[in-house]
Amino acid sequence: MKVSFFGGAGEVGRSCILVKSDKSKILLDAGVKLGAVEEYPQIRDSDLKGIDGIFISHAHLDHFGYLPHIFTAGYRGKVYATKPTIELINIAIRDYMNISKPKNVTSQGLAEMAKHFEIIEYGKPFRLKDLTIKVVQSGHILGSAITTVSDGKHTIMYSGDMNMAQTRLLPGADMKNARADTLIIESTYGAKNDIFPPEKEVSQKLMASIKETLHKGGKVIIPTFGVGRAQEVLFMLDDFMNSGILPKAPIYISGVINKIMRIHRHNVIYCRREVQMRILMSDSDPFKSKNFVPVESNELRGKIVKEKEASIIVTTSGMLTGGPVMYYLARLARDPMNKLILVGYQAEGTLGRALQEGAREVTVNRAKVKVNLTVETFHLSAHADRKQLEAAIAKVHGLKNVFVVHGEKSKSEDLRMHIANKYNAIVPEPIKEYHV
Ligand SMILES: [Zn+2]
Ligand SMILES: [Zn+2]
C-alpha cells in the first residue's frame with residue numbers, strides 16, 4: 001500500500017492521510033489547523049474526487065474540520081465514523097462555522113456533508129472494495145477510534161489521538177489484539193521529558209489552586225475543548241465539590257459544552273461502565289449535577305462577570321481561539337483575584353499559548369486587555385504521554401514501520417530516534433508518498 005501525509009506531519013493539526021491499495025483510495029481524517037491563521041491539508045481538490053471513503057478518527061477539528069470543504073469541492077462519497085463521533089461533529093461543525101467562518105465552504109457543501117455520514121462500530125470489521133477496516137476504542141474522547149486498514153497483504157494501524165490510561169469518563173485505548181506491519185502514531189507528547197505525573201496528583205493540585213481563588217472570592221475560568229476535556233474537568237469538579245474538598249460555588253457551563261454533555265449522556269454506552277452505572281442510579285447522574293449551571297442566555301453571562309461572587313466558569317475554546325471564553329477573559333482578566341486555568345494542549349500561535357508563556361497584555365476581539373489574573377497550567381491531557389506511546393508501540397504485533405505524526409517536529413523526531421533501533425521509524429515529509 002501507499003501512504004501520504006497531507007497534514008499533521010511535523011505539526012499538530014490538519015491531520016489528513018491518504019492510503020492507496022491496488023483498488024482503492026481512502027482518507028484517514030480530514031482536519032484543519034487552528035492558529036493565528038487557519039491552515040488546510042495540502043491535498044488538491046482534484047485528488048479528492050477519486051476517493052472511495054473517508055474515515056474520521058474523532059470529533060476534533062484537527063481531524064474533521066476539512067470535511068465541509070471536501071464536500072464543497074464536490075466529493076460525494078461516504079464519511080465513516082462511530083455514532084458519537086458523527087453526532088459530535090454535527091454539533092461542533094456549527095460552532096466552527098460561526099467562529100472561524102471558513103471561506104472555502106458553501107452551505108451546499110455543508111448540507112451534502114450531513115447526508116453522507118455512515119456509522120461504523122468498534123470491533124466490527126467493515127469491507128470497502130479490497131480493504132477491510134476496523135476501529136477500536138482509542139481512549140481520547142467519546143467515540144474516538146484507532147483505525148486499522150488491511151488489503152489482505154499489509155495492515156496499517158492509525159492511532160488517531162490516543163490515551164492508554166483510563167480517565168473518569170473513558171476506558172484506555174484498546175490495544176489487546178493490535179497487529180499491523182505499519183503504525184501511524186500521534187506524538188503530541190512524544191518528547192523524552194513529556195512524562196505526566198499521575199492524574200490523582202494533578203487533580204489534587206488543581207483543586208487546591210481552585211480552592212484558593214474561590215476562598216478569596218475570585219472567579220476561575222477554565223477554557224477547554226468542548227468535546228472530551230470539558231466533561232472530564234466537570235466530572236472532577238463535581239466529585240471534589242460533593243466530597244467537600246472544594247467549597248460550594250456555582251460551576252457555570254458556557255457555550256456548546258451543554259449540548260455536548262447531552263450527547264455524552266445518551267451515548268453513555270461508549271463510556272466506562274462506572275459512568276453507565278451512575279446514570280442508572282439516577283440520584284448520582286454525573287451529567288445532571290446540581291452543582292452545574294448551564295449558561296444559555298447573554299443576560300446570565302453578563303451577571304456572572306458583574307456579580308461579586310466566587311465561581312468557576314468552564315467554557316470553550318480550549319486554546320482561546322474564539323468562543324465564549326473570549327467574553328469572560330476580556331471582562332475578568334484585569335482583576336488579580338481571578339484565575340485562568342489551562343488544562344489542554346496550547347498550539348503555537350494561539351492566545352492560550354501566549355498567556356501560558358506569560359503575556360501580560362493581549363488582544364481580545366481587537367481590544368487590548370491587561371492581564372492581571374493568574375494564569376496556571378495543569379496537565380489533564382487526553383493524549384498518551386511519552387511512556388504510554390512507547391507502551392502502545394510495543395503492544396503492536398508484527399510491527400515493522402512506524403510513522404510518527406501529530407506532534408511538533410522536535411517531539412516527533414525525539415520519539416522516532418528512540419525507536420529507530422527496533423523499527424523503520426519515520427517522521428514523514430508532507431505530500432511525499434511512502435510505500436509500505
Ligand atoms: Zn483530539
Ligand atoms: Zn488531534
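Everything numeric in this text was worked out from a predicted model, so none of it was measured. (Residues numbered from 1 in each chain as written. Chains lettered and ligands numbered in written order. Predicted model: local features only at pLDDT ≥ 70, side-chain atom pairs only at ≥ 80, totals over all residues. Heavy atoms only, no water.)

Caption draft 1: Seen up close, the sheet that holds strand S19 (residues 374–377). Pairing within the open sheet is parallel, and its six strands lie in the order S14-S13-S15-S12-S16-S19. Each end of this open sheet is capped by a strand with a single partner; those strands are strand S14 (292–295) and S19. Each strand of the sheet is rotated relative to its neighbour by a mean of 25 degrees, with strand direction disregarded. Relative to strand S15 (residues 311–315), strand S12 (residues 219–223) runs parallel, the two sharing five bridges. By the bridge assignment, Ile222 is partnered in S15 with Val314. Strands S12, S15, strand S16 (339–342) and S19 of the sheet are contacted by helix H6 (residues 199–215), whose axis makes an angle of about 165 degrees with S16. Seen against the sheet, helix H11 (residues 325–332) touches S12, strand S13 (251–254), S14 and S15 and runs at an angle of roughly 145 degrees to S12. (Pairing = 2+ DSSP bridges. Helix = DSSP H or I, 4+ residues; strand = E, 2+ residues; numbered from the N terminus. Axes fitted to C-alpha atoms, helices over the stretch in contact; angles between N-to-C directions. Contact = heavy atoms within 4.5 Å.)

Caption draft 2: Representation of the domain arrangement of the chain within the structure. Under the domain assignment used here, the chain contains domain 1 (2–193 + 382–435) and domain 2 (199–377). One C-alpha centre belongs to domain 1, the other to domain 2, and the line joining them spans 28 Å. Buried surface at the junction of domain 1 and domain 2, both sides included, amounts to about 2800 Å², of which 61% is carbon and sulfur. Counting every contact that joins domain 1 to domain 2 gives three salt bridges. Its salt-bridge partner being Glu199, residue Arg168 comes within 3.6 Å of it at the nearest N-O pair. The interface formed by domain 1 and domain 2 includes 13 residue pairs in polar contact (both at pLDDT 80 or more). Per-element accounting of the side of domain 1 that touches domain 2 gives the leading share, eight residues, to helix H4 (residues 83–100). (Domains from an automatic or database assignment. Buried area = accessible area lost by both parts, 1.4 Å probe. Salt bridge = Lys/Arg side-chain N within 4 Å of Asp/Glu carboxyl O. Polar contact = N/O pair within 3.5 Å; in protein donor to acceptor, adjacent residues only side chain to side chain.)

Caption draft 3: Structural detail: the coordination of the zinc ion (ligand 2). For the zinc ion (ligand 2), the full set of protein donor atoms is Asp62 (OD), His63 (NE2), Asp161 (OD) and His406 (NE2), and the range of their distances to it is 2.1 to 2.2 Å. Taken together, the four donor atoms surrounding the zinc ion (ligand 2) define angles of 90 to 163 degrees at the centre, an arrangement classified as irregular. Mapping the donors of the zinc ion (ligand 2) onto the primary sequence yields the spacing D-H-x97-D-x244-H. (Donors = N, O, S within 2.8 Å, 3.2 Å for Na, K, Ca; no water. Tetrahedral: all angles 85-135°; square planar, octahedral: opposite > 155°, others 65-115°.)

Caption draft 4: Summary view of the pattern of salt bridges. Enumeration over the complete set of coordinates arrives at 27 salt bridges. One salt-bridge network, held together by shared partners, links Glu11, Arg14, Lys33 and Glu39.

Caption draft 5: Representation of the packing of helix H13 (residues 386–394) against helix H14 (residues 409–419). Running from N to C, H13 and H14 point in directions that differ by 45 degrees, and their axes come no closer than 12 Å. When the interaxial angle is binned, H13 and H14 end up oblique. At the point where H13 passes H14, the crossing takes the right-handed sense. On the side of H13, the interface is formed by Arg386, Leu389, Glu390 and Ile393, while H14 contributes Asp414, Leu415, His418 and Ile419. By residue class, the composition of the contact of H13 with H14 is four nonpolar, one polar and three charged. (Parallel < 35°, antiparallel > 145°, perpendicular 65-115°, else oblique. Left-handed = near helix turned anticlockwise from the far one by under 90°. Nonpolar A, V, L, I, M, F, W, Y, C, P; charged D, E, K, R; others polar.)

Caption draft 6: Fine view of the nonpolar core. By size, the foremost hydrophobic cluster in this structure holds 75 residues, and its most contacted members are Ile210, Ile222, Leu237 and Ile312. In terms of domain composition, this core takes at least three residues from each of domain 1 (2–193 + 382–435) and domain 2 (199–377). Those residues in contact with Ile312, other than ones at most four positions away along the chain, are Ile210, Leu214, Val220, Ile222, Leu237, Met241, Leu246, Pro250, Ile251 and Tyr252. Among the nonpolar cores identified, the runner-up in size contains 26 residues, and Tyr80, Leu131, Val149 and Val405 belong to it. (Core = buried A, V, L, I, M, F, W, Y, C linked by side-chain atoms within 4.5 Å. Buried < 20%, exposed > 50% of the residue type's maximum accessible area, 1.4 Å probe, protein only.)

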